[in-house]
Amino acid sequence: EEKLKQLDRMSPDSLYTYLGHGVLNFEQGKYGEAIIWFDKALRIEPQNVGVLIFKSISLSGLNKLDDALSCLDEALSIDSNSVWALRCKSLALYMKKEYGKATEYFDKALALSTNDIGLINNKGVMLDDQGKHKEAITLFDRALVIDSNDSDILTNKGRALDHLGHHKEAIECYDKALSLNRNHDKALNNKGLALNSLGKYEDAIIQYDKALEIEPNYKSALHNKGIAISKLGKYEEAIIQYDKALE
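Everything numeric in this text was worked out from a predicted model, so none of it was measured.

Peer 1: Run through the overall build of the protein chain, naming residues and quoting values.
Peer 2: Secondary structure assignment for the protein chain yields 15 helices and zero strands. Across its three principal directions, the C-alpha atoms of the protein chain cover 65 × 40 × 30 Å. Counting over 247 residues, the protein chain shows a buried share of 46%. Here the analysis covers contacts within the protein chain between residues at least 6 apart in sequence; of these, 42% occur between residues at least 24 apart. Taken as a whole, the protein chain presents about 13,000 Å² of accessible surface, with 49% of it coming from carbon and sulfur. For the protein chain, the separation between the mean place of its 32 positive charges and that of its 38 negative charges on side chains is 2 Å.

Peer 1: Lay out unusual backbone geometry with the relevant residues and their values.
Peer 2: Unusually for a residue other than glycine, N63 sits at a positive phi of about 65°. Assignment of secondary structure puts N63 in the loop between α4 (49-61) and α5 (65-78). One non-glycine residue, K97, adopts positive backbone phi at about 65°. Within the secondary structure layout, K97 lies in the loop between α6 (83-95) and α7 (99-112). Residue classification places K97 among the exposed residues on the basis of a relative accessible area of 61%.

Peer 1: Which residues make up the state of the cysteines, and what values do they have?
Peer 2: As used in these notes, a disulfide is a covalent bond between sulfur atoms, one from each of two cysteines. On inspection of all chains with the given rule, the structure shows zero disulfides. A disulfide-free cysteine, C88 has its sulfur positioned 11 Å from the sulfur of C71, the nearest such atom. A residue is classified by how much of its surface remains accessible, and C88, at 11% relative accessible area, is buried.

Peer 1: So what's going on with the nonpolar core? Residues and values would help.
Peer 2: Core analysis: the largest hydrophobic core is formed by 66 residues, its most contacted members being F38 and I53. The residues contacting F38, other than those within four sequence positions of it, are L19, G22, V23, F26, V51, F54, K55 and S58.

Peer 1: How would you sum up the packing of aromatic side chains? Please name residues and give values.
Peer 2: Enumeration according to the criterion identifies six aromatic pairs in this entry. Plain terms: the ring middles of F38 and F54 are 5.6 Å apart, the flat faces sit at 15° to each other, and that makes the pair stacked. Here the residue F38 occupies a position in helix α3 (residues 31-44), and F54 occupies one in helix α4, the gap between them amounting to 16 residues. Accessibility assignment for this pair places F38 and F54 in one class, buried. Put simply, the rings of F26, Y31, F38, F54 and W84 pair up and form one aromatic cluster.

Cut-offs applied
Residues numbered from 1 in each chain as written. Predicted model: local features only at pLDDT ≥ 70, side-chain atom pairs only at ≥ 80, totals over all residues. Heavy atoms only, no water. Helix = DSSP H or I, 4+ residues; strand = E, 2+ residues; numbered from the N terminus. Buried < 20%, exposed > 50% of the residue type's maximum accessible area, 1.4 Å probe, protein only. Contact = heavy atoms within 4.5 Å. Areas by Shrake-Rupley, 256 points an atom, 1.4 Å probe, with all protein chains shown as cover. Lys, Arg positive; Asp, Glu negative; His and termini not counted. Charge placed at Lys NZ, Arg CZ, Asp CG, Glu CD. Disulfide = S-S within 2.5 Å. Core = buried A, V, L, I, M, F, W, Y, C linked by side-chain atoms within 4.5 Å. Phe/Tyr/Trp six-rings, centres within 6.5 Å; stacked < 30°, edge-to-face > 60°.

Listed below in C-alpha cells is the structure:
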C-alpha cells in the first residue's frame with residue numbers, strides 16, 4: 001500500500017497505478033471496485049493481457065462468468081499461448097459446468113506447460129467432481145511426482161480415494177497433508193468424513209472440531225459434525241450444528 005501511495009503521488013494516472021489499485025481491491029475481495037481500476041488501466045493499454053485476465057477473474061468473483069469469458073477470449077486473441085488465460089478460461093467454463101470445454105482448455109494449457117502442478121491439480125479436481133475418480137487420482141499422482149509435499153494435492157487425492165470407498169487410503173493422504181500443514185482445514189474436514197464413513201464418529205468429531213478451531217464458520221465442517229453427532233443419537237446437539245451451518 002505504501003508503494004501505491006508513492007505511485008499516486010508520482011504518477012496518479014499511470015497504467016501501473018491503476019493496475020496496483022485494481023490488484024489491491026481484488027486481493028481484498030472488492031471485485032466491483034477492482035474492475036473499475038482495471039477498466040481505467042485498459043483505457044490506457046487496451047491490449048494488456050495481464051489486465052484483461054485480472055478483470056476476468058474479478059468478473060468470475062462476481063459470478064459474471066459470460067463477461068469473464070469474453071475478457072479471456074479477448075486476451076487469447078492477443079496471446080493465444082497465454083497459459084494463465086487458458087487456465088482461467090478452463091476454470092470459468094468449469095464453474096459454468098461446461099466440463100467438456102473446460103477439459104479442452106485445461107489440455108491446451110497443459111500442452112504448453114506440462115509440469116504445471118496447479119493445472120494438473122485443477123483438472124484432477126474437475127474430473128473428481130464429474131465422478132471420474134480414477135482418472136483424477138492419476139492426475140494427482142502425476143502432480144505428486146513433481147512435488148510430493150503439496151498438501152493441497154494430497155488432500156484432493158484423499159478426497160478422490162474417499163469417493164471410491166478407499167477410506168483408509170484416503171486417511172493416509174490426509175495424514176501426510178496434515179504432517180506438512182497441520183492447519184489445513186480442508187484436510188481435517190475430509191479426514192473427518194473418511195472416519196465417519198468407517199463408523200468412527202467420535203474420532204470424526206475431533207477432526208471437525210480441529211477444522212473449526214482454524215475456521216469457525218466452516219459450513220461443511222459444521223454440517224458434517226452435525227451428521228456425526230446424529231449418528232451417536234445426540235439429535236438435539238446435531239440440530240445446533242446444522243443451525244450454525246445455515247447461519
